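Remarks on the overall topology
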Amino acid sequence: MKKIIGALALFTALATQSAGAQDRPTIYRGGPIVTMDGDTPHLAKAVVAKDGKILFVGDEKGARRAAGKDALIHDLAGATMLPGFVDAHSHFAVALQMAGGLDLWDKSLPPVTDIASLQGVVRDFIARRAIPKGGWVVVWQYNDEALKERRHITRAELDAVSPDHKIVLLHISLHGLVANSAALAAAGLSDASQPPPGGLMLRDDAGRLNGVLLEKAMYQMLPAMPQPTAEQKLAMLDAAQARYFAEGYTHAQDGATSPADLGFFTSDAARARLKIDLALLPIYTGLDALLAKPDIQFRTYQDHVKIEGVKFILDGSPQARTAYFTRDYERGSPSGDHPWHGQPIVSQEEFDTLARKVNDRGWQIFVHANGDAAIDMAIKGFDALGIKAADDRRPIVIHSQFQRPDQLPAYARIGVGPAYFSNHTWYWGDVHRSNFPKEVVDFISPFRAAREAGLIASNHSDFSVTPLDTRFMLWTSMARVSPTGVVSGADQRLDAYAGLQALTTGPAWQVFEENRKGRIKAGLLADFVILDKNPLATPVDAIKDIRVLETVKEGLTVWKASTSAESAMP
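Let me sum up the structure you'll find in this document. In this text the structure is predicted, and so the values were computed from the model without any measurement.

1. What about the overall build of the chain?
Assigned secondary structure in the chain consists of 21 helices and 23 strands. For the chain, whose C-alpha radius of gyration is 23 Å, the value lies close to the compact-globule estimate of 25 Å for 570 residues. For the C-alpha atoms alone, the extent of the chain along its principal axes is close to 80 × 55 × 55 Å. Expressed as a percentage of the 570 residues in the chain, the buried residues total 59%. When the accessible area of the chain is evaluated, it comes to approximately 21,500 Å², of which 53% is carbon and sulfur surface.

2. Topic: the side chain of Thr322
One can find Thr322 in the loop between strand S16 (309–313) and helix H11 (348–360). Here Glu215 takes part through its side chain, which lies 2.5 Å from a polar atom of the side chain of Thr322. Of the polar contacts made by the side chain of Thr322, one reaches the backbone nitrogen of Ser317; its length is 2.8 Å. For Thr322, the contacting residues outside a window of four places in its chain are Leu200, Leu214, Glu215, Asp315, Gly316, Ser317, Tyr329, Pro334 and Gln343.

3. Examining H11
Helix length check: H11 (13 residues) gives 18 Å between terminal C-alpha atoms against 18 Å at 1.5 Å per residue, within 8%. For H11, the full list of buried residues reads Gln348, Phe351, Asp352, Leu354, Ala355, Val358 and Asn359. Buried residues along H11 sit in contact with helix H10 (287–291), S16, strand S17 (364–369) and helix H12 (372–385). Taken from the residues just after H11, Gly362 is the one with a positive phi, measuring 80°.

4. Quick look at the sheet that holds strand S9 (residues 166–171)
In space, the 6 strands of this open sheet follow the order S7-S8-S9-S10-S12-S11, with mixed pairing throughout. Every interior strand has two partners, whereas the edge strands, strand S7 (102–103) and strand S11 (199–203), have only one. Across the sheet, helix H4 (residues 115–129) touches S7, strand S8 (136–142) and S9, and the angle it forms with S8 is around 140°.

5. A look at the packing of aromatic side chains
Following the criterion strictly, the structure yields 21 aromatic pairs and no others. Aromatic side chains Phe325 and Tyr329 sit 5.3 Å apart centroid to centroid with 80° between the ring planes, which places their arrangement in the edge-to-face category. Each member of the pair Phe325 and Tyr329 is classed as buried. Members of the aromatic cluster, joined through ring pairs, are Phe92, Tyr244, Tyr249, Phe264, Phe265 and Phe463. The cationic tip of Arg299 hangs over the ring face of Phe512; the distance from NZ or CZ to the ring centre is 3.7 Å.

6. Some details on helix H18 (residues 470–479)
Of all the 10 residues making up H18, 10 are buried; the element is thus mostly covered by neighbouring parts of the structure. Of all the positions in H18, only Thr470, Arg471, Phe472, Met473, Leu474, Trp475, Thr476, Ser477, Met478 and Ala479 are classed as buried. With a side-chain oxygen positioned 3.1 Å from the backbone nitrogen of Arg471, the residue opening H18 is Asp469. Directly beyond the C-terminal end of H18, a positive phi value near 50° is found at Arg480.

What counts, and where the lines are drawn
Residues numbered from 1 in each chain as written. Predicted model: local features only at pLDDT ≥ 70, side-chain atom pairs only at ≥ 80, totals over all residues. Heavy atoms only, no water. Helix = DSSP H or I, 4+ residues; strand = E, 2+ residues; numbered from the N terminus. Rg over C-alpha atoms; globule rule 2.2 N^0.38 Å. Buried < 20%, exposed > 50% of the residue type's maximum accessible area, 1.4 Å probe, protein only. Areas by Shrake-Rupley, 256 points an atom, 1.4 Å probe, with all protein chains shown as cover. Polar contact = N/O pair within 3.5 Å; in protein donor to acceptor, adjacent residues only side chain to side chain. Contact = heavy atoms within 4.5 Å. Expected span 1.5 Å × (residues − 1). Pairing = 2+ DSSP bridges. Axes fitted to C-alpha atoms, helices over the stretch in contact; angles between N-to-C directions. Phe/Tyr/Trp six-rings, centres within 6.5 Å; stacked < 30°, edge-to-face > 60°. Lys NZ or Arg CZ within 6 Å of the ring centre and 35° of its normal.

Note that all results are geometric; they support no functional claim without further evidence.
This is how it looks when you write it as structure tokens:
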């Protein structure tokens, strides 16, 4: 706790710097400066920043001439500077919602390796927090595939932890949960309940709900769960953006913004506190309310917040076996039924109808699609709208995980930007191989094939599905190896520069900001990340150990490494 407080105090002190610090130009010099400007690496000797923007990029003599005599000097002392990382897809709001819950990523917890140890951790959390009977216990980062039993914990096993508390374990994919009897009752769910279309409610051998709710079925639980108030969210906002700044991000995304969070993030109070650029993707289920607002503006910043586009969800999660494929899962459905190739969350007709409303308003379309059948749905929907690459509408297919080679030309024809997810090769590469043939898994997040097809791709963490760690993401795009040493698609590995493009220029282009951020170039925002090592000169195996030393947003340091700050950010 002391470490977290130290990190937050450091962030707060830096983030409240007076804008007067930018009245004088700053020269950054003394280490490699990787500009990311162009298809091949270019290093500058010096950069001048003033009034939040980049004034000059080049040699030191030119920088001193451009900056004048009163310039401040920021000596990199051998460290490497790059443009600030641009988050291609994560769930910023989750960083606010996780406070108060049990985070199974917490390194201070004992290892969770099986159902018994999971029960013990939850039981200890209830006792440690002295949660009163009848209270809610919300657990994050629950991963059934990491348990020795390789199955979901059940309602009965959670009841054994405590029948007197409402216990909900949110699946690491964010596409499902497990609830005990008290939580199910609080949501009005009984053994007679039936899942909505696009949802799954798993049952035991007697036909009773076993507590596992997947996809749209989990939506019946969420309204009953405790939600932070606007005041509580505001209190947690500094810690949330510090978490992103600590990884070198200067731009974040909330990848499925609820109506409540849309109202919060665009409020005067939140906008006054946000220092990071935040792109919001309102979820399609709230589309009617958006359409009813004639004055709503997309892709226009209000302070550091903008509404970027509308988010559709076509399928689920491959690791949870709810993604929609044209081939069957070898292990069957989440309940073990065969054959099973997943199911769509919405019908093709519903997607086409809603997407047309979005497209007709000129709003950008973002689509979650993991399985190849869901990607087929996205392509069919875009074709029905008549979208062509020349239109420059830039529809984004988030994840595009199990893309088939024949789908790449369609992406190029339409102008789709794939937001890939290389972390899957580490976290679930072995799981995917238990369900699909080698050649299918080897083409997961096909970065190199996408580049050859002329696509502009990005890479993301999908936080909180995987950690925000940007250097780990870079490493997984280069190594594509699982914990057991199995490489998924050696021919799709990226070199360091291409991997960095997927964290900078690629995601900037995908949100129409390629002329505002993602590169170190005169006229663009002075958004920088300073690393202790140059990724272009670091062996692949050491990439993930690179440290963020400092993050600069529009010329002001918003995060700086210290012993406490570095260790506080997971």
